[in-house]
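Given next are the chains, with one letter for each unit.
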Amino acid sequence: MSQVKENDTVKVHYTGKLADGQIFDSSLEREPLEVTLGQGMLIPGFEKGMIDMKVNEKKTINIPVAEAYGDVRQELLYEVKKEQLPPEMTPEVGMGLASKDPEGREVQFRVAEVHDDFIVVDANHPLAGHDLTFDLELVEIK
């Protein structure tokens, strides 16, 4: 029986959890994830965890911060004066915002803190700073 190796295209069902058991994403209610390994489309720990799996195999992998979305980077936290926000906006912690960078690309932020005169927005990936656990089931090797 064949096993997953580098550069294979695979289909995998997954459930991603934080250290406290909170589920942040799952493919179980939709089609399995189809991806070609080695193209940088997945976090490194997820790809490594699938190597040598066989079709229909299930396993749980633990991915440390360094092989997931990395540490929270302080340089991606920005203070924004409330006067720079649309007047109808009432910012709340956790709210998603978008802005354009100087090249015109959209950048996603989350409101991290709300103060009287300013807010702090966070451009880190929402899962940065977290160890992750994934329950995997390999569905197919193409």
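Scroll up a little and you will see the structure.
Here we summarise the structure given alongside this text. (Residues numbered from 1 in each chain as written. Predicted model: local features only at pLDDT ≥ 70, side-chain atom pairs only at ≥ 80, totals over all residues. Heavy atoms only, no water.)

Both strand S1 (residues 9-18) and strand S9 (residues 132-141) contribute to a ladder of nine bridges, which runs antiparallel. Counterpart to Val 10 in the pairing with S9 is Ile 141. Pairing analysis gives six bridges linking strand S4 (residues 58-63) to S9, with the strands arranged antiparallel. Each residue of the ladder has a partner; that of Ile 61, found in S9, is Phe 134. (Pairing = 2+ DSSP bridges. Helix = DSSP H or I, 4+ residues; strand = E, 2+ residues; numbered from the N terminus.)

A few words now on the nonpolar core. Across soluble globular proteins, nonpolar side chains have a tendency to be buried as a group. Counting 21 residues, the largest nonpolar core has Val 10, Phe 46, Met 50, Ile 63, Leu 132, Phe 134 and Leu 136 as the members making the most contacts within it. Elements that contribute at least two residues to this core include exactly S1, helix H1 (44-50), S4 and S9. Considering every element that reaches this core, the biggest residue donor is S9, with five residues. If sequence neighbours within four positions are ignored, Leu 136 has contacts with Val 12, His 13, Tyr 14, Phe 46, Gly 49, Met 50, Met 53, Glu 57, Lys 58, Lys 59 and Ile 61. If you look at the next biggest cluster of nonpolar residues, it comprises seven residues, including Val 80, Leu 85, Leu 97 and Phe 109. (Core = buried A, V, L, I, M, F, W, Y, C linked by side-chain atoms within 4.5 Å. Buried < 20%, exposed > 50% of the residue type's maximum accessible area, 1.4 Å probe, protein only. Contact = heavy atoms within 4.5 Å.)

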